[in-house]
Amino acid sequence: MNIQIFGTKKSFDSKKAERYFKERGIKYQFIDMKEKGLSKGEFRSVCQAVGGYEKLIDQQCKDKNLLALITYIAEEDREEKILENQRIIKTPIVRNGKQATVGYQPEVWKGWS
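Scope of this entry: the structure provided in the associated data block. The shown structure was predicted, so the numbers you read here are calculated from the model rather than taken from an experiment.

### Notes on the sheet that holds strand β3 (residues 93-96)
Spatially, β2-β1-β3-β4 is the arrangement adopted by the 4 strands of the open sheet, whose pairing is mixed. The two strands at the open ends of the sheet, each matched to only one other strand, are β2 (28-32) and β4 (99-102). Strand-to-strand twist across the sheet, computed as the mean angle between neighbouring axes with direction ignored, equals 15°. As paired elements, strand β1 (residues 3-7) and β2 share 5 bridges and run parallel to each other. Across the sheet, the residue bridging to Gly 7 is Asp 32, located in β2. Packed onto the sheet, helix α2 (residues 40-50) meets β1, β3 and β4 and runs at close to 85° relative to β4.

Criteria and thresholds
- Residues numbered from 1 in each chain as written.
- Predicted model: local features only at pLDDT ≥ 70, side-chain atom pairs only at ≥ 80, totals over all residues.
- Heavy atoms only, no water.
- Pairing = 2+ DSSP bridges.
- Helix = DSSP H or I, 4+ residues; strand = E, 2+ residues; numbered from the N terminus.
- Axes fitted to C-alpha atoms, helices over the stretch in contact; angles between N-to-C directions.
- Contact = heavy atoms within 4.5 Å.

Rendered as structure tokens:
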């Protein structure tokens, strides 16, 4: 397994995801999205794995203006706007090769081993 956890140090669910893999002795790489976000390729790969960028949007995001902008912006401009404002992405994003989950989903991760 090649686990990558994209999250933030302050995100409770990101910490829980790290603990999940640590407790099972599974090596993972933590990427702090405040320091280094998803690249365009990673973003597209995750979107494909989870079924679209809509699943990545955090509807509980504090920035309601950004949420509204991304909701109503032209379809072709959304990807770029999300990549520019990655704080709107729900965390953690856990990747294992071509597979990915958004949020804390240990029931899915169990099937990855």
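Next, the rest of the story.
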